[in-house]
Amino acid sequence: MIKKGIILAGGTGSRMSPITKAVNKQLLPIYDKPLIYYPLSVLLLANIKDVLIIVNQGQLYQFKKILGDGSRFGIKISYAEQQKPSGLPDAFIIGEEFIGKENVALILGDNFFYGQNFTKSLRECTKLKNGAKVFLHLVSNPSAYGVAKVNNNNKIVKIVEKPKTKISNLAVTGLYFFDNSVVKLSKKLKPSDRNEIEIVDLLNIYKKKNKLKGEFLGRGGVWLDTGSIKDFYDTSAFVSTVENRQGLKIACLEEIAFKKKWINRKNIKEAIVFYGKCEYSNYLAKFISKSNFK
């Protein structure tokens, strides 16, 4: 079972400048919660309780102020600084000590996932013993993404970054599951023309070994990349619409942890004090008043 997860929350957020000159993008609000809550909720839904968050140099305090050591959610959160953006596989090099001899999940801090069967798929992925799995999602404009072609066994037979000629409509999302060899393999990667080590190169190593499989988010699932101003606010609008229609919150970390019995009513009440008078606190109060959990 995969018990450890990394959230890569560094980067310059240049496409959202000048906003991101002062604040890390992952701390900006997607509707009523910081963006970082959403990828963290994905790891919680996958029953991953040991999390490393990688942030830009000098930004540790901001993340610790909102998330702490994770004990509020019944989990453990560690932090590491990335000196400069060096490519996604750099997360495994920075996190080598954290990973140890375990397999590991990686989710990008600016990716948003939502779907009815998503949790079930996550738990299947955490059963990974060897090789790698990536989440794939249908898109209408594959030329804007890294794209994968799969065979009948869901094995990935081809990956192309922003293909000029269509090979499929399956985009590679920012959610990955790797065996422990990912650290050693990441160290062997050579920088690309962008002077970064590339996730596609890492995935291709697994593909050549016939150890790369795809997990499908499904037609009813949602994957959004909040990398641009438009995408960021489109995601916020989506969350607002769903939450206000259903009366349920997406990525309420305390609710997830409470349902898993990682925390109790006392912890929820402490969270309400921590957040203060706000709609999020009101939601938590209503949740525990209706809950049958002790």
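As a starting point, this report considers the structure included with it.

What counts and what doesn't
Residues numbered from 1 in each chain as written. Predicted model: local features only at pLDDT ≥ 70, side-chain atom pairs only at ≥ 80, totals over all residues. Heavy atoms only, no water. Pairing = 2+ DSSP bridges. Helix = DSSP H or I, 4+ residues; strand = E, 2+ residues; numbered from the N terminus. Core = buried A, V, L, I, M, F, W, Y, C linked by side-chain atoms within 4.5 Å. Buried < 20%, exposed > 50% of the residue type's maximum accessible area, 1.4 Å probe, protein only. Contact = heavy atoms within 4.5 Å. 1 Å grid on protein atoms, 1.4 Å probe; cavity = no way out; pocket = protein on both sides within 12 Å on 5 of 7 lines; lining within 4 Å. Points joined across faces, edges and corners; volume = space filled by probe spheres on them. Nonpolar A, V, L, I, M, F, W, Y, C, P; charged D, E, K, R; others polar.

What follows is about the pairing of strand 9 (residues 146-150). Relative to strand 10 (residues 156-161), strand 9 runs antiparallel, the two being bridged by 5 bridges. Counterpart to Lys149 in the pairing with strand 10 is Lys158. Here strand 9 folds back onto strand 10 in antiparallel fashion, the turn holding 5 residues, of which Asn154 has a positive phi close to 65°.

It is worth spelling out the nonpolar core at this point. Judged by nonpolar contacts, the single largest core of 62 residues is most densely connected at Ile53 and Leu67. The greatest single-element share of this core, amounting to 6 residues, is contributed by helix 1 (residues 37-45). Excluding its chain neighbours within four sequence positions, the residues that come into contact with Leu67 are Ile36, Tyr37, Leu40, Ile53, Arg72, Phe73, Ile77, Tyr79 and Leu253. Core analysis: the next-biggest nonpolar cluster, separate from the first, contains 33 residues, Leu106, Leu136, Ile159 and Leu189 among them.

Let's shift gears to the layout of surface pockets. Approximately 560 Å³ is the volume found for the second largest pocket. Around the second largest pocket, the lining comprises 21 residues; the ones closest to its centre are Leu45, Tyr114, Lys249, Ile250 and Ala251. Of all the secondary structure elements, the ones that give two or more residues to the lining of the second largest pocket are helix 1, strand 7 (111-114), helix 5 (118-125) and helix 9 (253-259). It is helix 1 that provides the largest number of residues to the lining of the second largest pocket, a total of 4 residues. Partitioning the lining of the second largest pocket into residue classes produces 12 nonpolar, 5 polar and 4 charged.

This next bit is on unusual backbone geometry. Only a minority of non-glycine residues have a phi that is not negative, and only a minority of peptide bonds are not trans. Within the chain, Asn154 stands out as a residue other than glycine whose phi angle is a positive 65°. Positionally, Asn154 belongs in the loop between strand 9 and strand 10. Asn154 sits in the partly exposed class, given a relative accessible area of 29%. Even without being a glycine, Asn210 presents a positive backbone phi close to 60°. Relative to the assigned elements, Asn210 resides in the loop between helix 7 (199-208) and strand 12 (212-216).

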